[in-house]
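What follows is the residue order along each chain.
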Number of protein chains: 2
Amino acid sequence: MRITTVGLDADDTLWHNETLFRLTQDRFCELLSGYTERAVVEARLAEVEKRNLRLYGYGVKGFTLSMIETAMELAGGEAPARIVREILAAGREMLNEPVEPLPGVDQALAALSERYRLVLITKGDLLHQEQKLAASGLGDLFAAVEIVSEKDASTYERVFSRHGTGAAQAAMCGNSMRSDVLPALEAGSYAAHIPYPLTWAHEMADAPMDHPRFAELASIRDLPAWLDRLT
Amino acid sequence: MRITTVGLDADDTLWHNETLFRLTQDRFCELLSGYTERAVVEARLAEVEKRNLRLYGYGVKGFTLSMIETAMELAGGEAPARIVREILAAGREMLNEPVEPLPGVDQALAALSERYRLVLITKGDLLHQEQKLAASGLGDLFAAVEIVSEKDASTYERVFSRHGTGAAQAAMCGNSMRSDVLPALEAGSYAAHIPYPLTWAHEMADAPMDHPRFAELASIRDLPAWLDRLT
């Protein structure tokens with residue numbers, strides 16, 4: 001089987017993302033520490049995020065709105081405007097955060113781009129993802145960029161048909177078992193899981209260890225060799 | 001010159017949008033009427049929106065965040081949580097609003113889709129725009145959908161190359177002089193302006209009345225005949 005096209009996830013595969021969400025969430029819990037205990041704040045925020053996902057989708061803007069909503073629920077009738085202002089500022093800081101590729105990403109992508117068509121496939125806010133890619137300096141290595149609202153098998157079929165030679169000749173690589181690995185395998189592609197130290201609960205799923213087109217890689221540095229062995 | 005591809009804007013070209021923003025803004029001014037006069041609220045909100053556009057881009061989520069920020073500025077230290085909750089609810093209602101095609105849209109698109117490749121080209125929140133297209137029932141008439149963070153000449157060049165036979169054989173149609181008409185003309189395409197009764201100040205620009213590839217149409221019902229005359 002010849003692989004022609006390699007799909008790459010962005011957040012937590014090419015650069016840090018979840019760490020930034022966790023740091024902001026810590027700051028949020030701190031802000032509300034006068035009202036209730038940390039575990040309650042975290043549980044309520046997770047509930048509100050889940051409830052809003054259908055309307056807001058993924059990304060910093062929806063996360064900011066969900067933090068504000070949670071704060072209003074927990075702080076009761078007269079929430080100090082300071083709390084809301086701090087949450088808005090935290091959201092803006094996330095959107096302004098500098099982007100730096102994770103270790104090994106530059107070299108791996110440079111090597112891969114000589115042999116395969118690279119396609120960035122990511123969820124999140126459209127404008128913010130475009131800005132992060134531009135800030136990363138990695139944009140020129142990609143033949144195409146697809147910012148999508150959901151990653152399911154039909155997403156991978158569509159993207160690998162449009163930008164490659166079909167899902168069967170493509171490999172997807174990312175840190176989310178639920179969004180990067182399982183639906184790509186379902187679409188008929190190969191898939192490599194590269195774990196990030198933190199995973200959002202929403203993105204967790206069991207590894208399909210016995211699947212013939214699946215690989216668990218310790219680092220993106222191992223991706224070129226795995227693909228070369230397949231081809 | 002043979003036109004092969006027709007680009008169509010979505011908000012306020014295929015369905016109502018600005019009306020909904022204005023209604024929500026009225027509700028927002030009402031909420032803050034105890035703090036300051038309406039003209040001040042409107043001016044401050046416009047300032048905050050403009051300042052945030054670079055970070056938030058277009059769409060309801062950014063608008064909701066900007067309303068909350070404006071309320072915090074105007075209501076001072078102890079804003080009632082009720083105001084924030086009402087703004088969050090207003091934003092969610094905008095996202096849940098039913099979508100209905102504007103008069104004449106169904107028939108015009110059905111006629112156009114028999115002769116041209118139709119491409120939807122729209123700004124805004126990715127997930128929300130996909131949901132509106134699905135709710136409109138118009139999705140099957142389009143050969144492609146491009147949700148973009150900004151509409152400039154390079155956007156139209158890229159989109160009409162990817163989904164058509166290049167910008168010179170394409171026509172763009174929409175209600176915004178600034179986003180739909182002027183950059184499409186700059187890219188070498190034809191462009192038709194179909195006014196909507198309300199226009200967001202940010203989208204206004206003078207009509208290029210003398211431009212040989214420009215037309216001002218009273219309704220989308222006039223679009224098929226204008227295109228047929230060109231071809």
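Since we're looking at a predicted model, the values are computed, not measured.

Calculation notes
- Residues numbered from 1 in each chain as written.
- Chains lettered and ligands numbered in written order.
- Predicted model: local features only at pLDDT ≥ 70, side-chain atom pairs only at ≥ 80, totals over all residues.
- Helix = DSSP H or I, 4+ residues; strand = E, 2+ residues; numbered from the N terminus.
- Rg over C-alpha atoms; globule rule 2.2 N^0.38 Å.
- Contact = placed C-beta atoms within 7 Å.
- Domains from an automatic or database assignment.
- Nonpolar A, V, L, I, M, F, W, Y, C, P; charged D, E, K, R; others polar.
- Least-squares fit on C-alpha atoms with pLDDT ≥ 70 in both.
- Pairing = 2+ DSSP bridges.
- Axes fitted to C-alpha atoms, helices over the stretch in contact; angles between N-to-C directions.
- Core = buried A, V, L, I, M, F, W, Y, C linked by C-beta atoms within 7 Å.
- Buried ≥ 20, exposed ≤ 12 C-beta atoms within 10 Å, placed from the backbone.
- Arc of directions from axis to C-beta.
- Parallel < 35°, antiparallel > 145°, perpendicular 65-115°, else oblique.
- Right-handed = clockwise from strand over helix to strand, strands pointing away.

## With respect to the overall build of chain A
When its secondary structure is counted, chain A shows nine helices and six strands. Relative to a compact globule of 231 residues, whose C-alpha radius of gyration would be 17 Å, chain A shows 19 Å and is just as compact. Oriented by its inertia axes, the alpha-carbon framework of chain A measures out at about 65 × 35 × 30 Å. Long-range pairs, those at least 24 residues apart, make up 67% of the contacts in chain A with a sequence separation of at least 6.

## Concerning the domain arrangement of chain A
Often, the extent of an interface is quoted as the loss of accessible area on bringing the components together. Residue and element names in this part refer to chain A. Looking at the assigned domains, one finds that chain A contains domain 1 (5–16 + 100–230) and domain 2 (18–96). Each of domain 1 and domain 2 has a C-alpha centre, and the two are 29 Å apart. Taken together, the contact between domain 1 and domain 2 spans 11 residues of the former and 10 residues of the latter. The class makeup of the residues in the side of domain 1 that touches domain 2 is three nonpolar, five polar and three charged.

## A look at the interface of chain B and chain A
Facing the 28 residues of chain B at the interface are 27 residues of chain A. At the level of elements, α2 (38–56), α3 (60–75), α4 (81–96) and α6 (126–136) of chain B are the ones that each hand at least two residues to the side of chain B that touches chain A. With eight residues, α3 of chain B is the largest single contributor of residues to the side of chain B that touches chain A. Broken down by class, the residue content of the side of chain B that touches chain A amounts to 15 nonpolar, seven polar and six charged.

## Focus: the relation of the copies chain B and chain A
Its rotation angle being 180°, the transformation that places chain B on chain A also includes 0.0 Å of axial translation and leaves an RMSD of 0.0 Å. What the superposition gives is, in effect, a two-fold axis relating one chain to the other. The overlap is high: 96% of the interface residues of chain B also sit at the interface in chain A, so the same surface is used on both sides.

## A closer look at the sheet that holds strand β5 (residues 190–193) of chain B
Whenever strands of a sheet pair, they do so through backbone hydrogen bonds, lying parallel or antiparallel. Residues and elements named next belong to chain B. In space, the six strands of this open sheet follow the order β3-β2-β1-β4-β5-β6, with parallel pairing throughout. In the strand order of this sheet, the two ends are held by β3 (144–147) and β6 (214–216), each with one partner. The average angle at which neighbouring strand axes cross in this sheet is 20°, direction not considered. Of the strand pairs in this sheet, β5 and β6 are connected by three bridges, and their pairing is parallel.

## Let's talk about the nonpolar core
Counting residues in hydrophobic clusters, the biggest one holds 86 residues, and the most contacted among them are A171 of chain A together with A171 of chain B. Discounting chain neighbours no more than four positions away, the residues touching A171 of chain B are I3, V6, S189, Y190, A191, A192 and L227 of chain B. Residues Y56 and I87 of chain A together with Y56 and A81 of chain B belong to the second largest nonpolar core, which totals 40 residues.

## Things to note about the environment of R51 of chain B
All names here are of chain B. Along the chain, R51 turns up in helix α2. R51 gets classed as exposed once you count the C-beta atoms within 10 Å, which come to 12. Remark: the alpha-carbon pair of R51 and D12, spanning 39 residues in sequence, is separated by 24 Å.

## Points about the sheet that holds strand β6 (residues 214–216) of chain A
Residue and element names in this part refer to chain A. Strands sit in the order β3-β2-β1-β4-β5-β6 across an open sheet of six strands; the sheet is parallel. Edge strands, defined here as strands with exactly one partner in the open sheet, are β3 (144–147) and β6. Between one strand axis and the next, the sheet turns through 20° on average, direction left out of account. Two elements, strand β4 (residues 170–174) and strand β5 (residues 190–193), share four bridges in a ladder whose sense is parallel. Bridging across to β5, M172 finds its partner in A191.

## Some remarks on helix α5 (residues 105–115) of chain B
Residues and elements named next belong to chain B. Looking at α5, one finds that the buried residues are V105, A108, L109 and L112. Buried residues of α5 fall within an arc of 95° about the axis and therefore sit on the same side. With respect to the buried face of α5, the exposed residues turned more than 90 degrees away are A110 and E114. Elements that come into contact with the buried residues of α5 comprise β1 (5–8), β2 (117–122) and α9 (223–230).

## As for the packing of helix α1 (residues 18–31) of chain B against α4 of chain B
Axis angle and axis distance: for two packed helices, these are the angle between their axes and the distance between the axes, and together they describe the pair. Residues and elements named next belong to chain B. Their axes nearest at 11 Å, the elements α1 and α4 cross at an angle of 170°. Considering the angle they form, α1 stands roughly antiparallel to α4. When α1 is examined against α4, the residues L20, T24, R27, F28 and L31 are found in contact with a partner set consisting of I83, E86, I87, A90 and M94. Split into classes, the residues belonging to the contact of α1 with α4 amount to seven nonpolar, one polar and two charged.

## Structural notes on the pairing of β4 of chain A
All names here are of chain A. In terms of burial, β4 is largely enclosed, as five of its five residues are buried. Of the two faces of β4, the one holding A170, M172 and G174 and the one holding A171 and C173 are both buried throughout. As a crossover connection, the stretch from β4 through helix α8 (residues 177–186) into β5 is right-handed.

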